[in-house]
Amino acid sequence: TPEGHVPDADLGVPWETCMPMGTSWSWVPNEQYKSTQEIIRTLVQVVSRGGSLLLNIGPRPDGRLDSSAYQRLREVGAWLKVNGEAEYGTRAAELGPQGALGCTRSKDGKAIYLFGEAGDQPWSVAWTGDRSPQATVLGSGRKLRVQRNKERLMIAVAGSGPAKPASGLFVVKLLL
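Here is what the cut-offs are and how they apply
- Residues numbered from 1 in each chain as written.
- Predicted model: local features only at pLDDT ≥ 70, side-chain atom pairs only at ≥ 80, totals over all residues.
- Heavy atoms only, no water.
- Buried < 20%, exposed > 50% of the residue type's maximum accessible area, 1.4 Å probe, protein only.
- Helix = DSSP H or I, 4+ residues; strand = E, 2+ residues; numbered from the N terminus.
- Pairing = 2+ DSSP bridges.
- Contact = heavy atoms within 4.5 Å.

**Regarding the pairing of strand E10 (residues 152-155)**
Each regular strand shows side chains that alternate between the opposite faces of the sheet. On E10, burial follows the alternation: Leu 153 and Ile 155 on one face are buried, whereas Arg 152 and Met 154 on the facing-out side are not. Where strand E6 (residues 123-126) meets E10, four bridges bridge the pair, whose relative direction is antiparallel. Residue Trp 123 lies in a different strand from E10, and its bridge partner there is Ile 155. With three bridges connecting them, strand E9 (residues 146-148) and E10 associate as antiparallel partners. Each bridged residue has a counterpart across the sheet, and for Gln 147 the counterpart in E10 is Met 154. In this structure, the hairpin formed by E9 and E10 is closed by a connection of three residues.

In structure tokens, the structure reads:
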């Protein structure tokens, strides 16, 4: 259980990162919480590397949470409502994504999920399959252009993200 950080790679055994939403494991007046984007990035990194995330939130002495904590939880929940299939019940996928933040594979092996932000550069994924998969953006169903060479897929992601995501992060589903 690496505490307070995410390992650089899959540990090869079940593992969990324990991390506070703010700077402390207990309640602190005027706590500075991580941004929604930082929390989701951490979740993506952990799951893409085969782990689980235990996100600590220290309650006030009366048991309530700070309004900022509630807001972050709502925003992470909204992101998971759209992109949860790429997180829940998946496993790490070692495809050497370039441009993407990480990737997971569905339990049945029929889909790969790439996490990231839209940019001008295409994402590149190590690929040895016989054919190119279909690529769509979760939440919008928008189809993306996929080009294939001998060893990699190139996925055009410019402008692919959702219109106003709280986190700025989105997921591309490769249907195998």
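**Comments concerning the environment of Pro 133**
Considering the arrangement of structural elements, one finds Pro 133 in the loop between E6 and strand E7 (134-137). When its relative accessible area of 6% is taken as the criterion, Pro 133 is described as buried. Note: C-alpha distance between Pro 133 and Ala 100 (33 residues apart in sequence) is 17 Å. Setting aside its immediate chain neighbours within four residues, Pro 133 contacts Trp 127, Val 146, Leu 153, Leu 174, Leu 175 and Leu 176.

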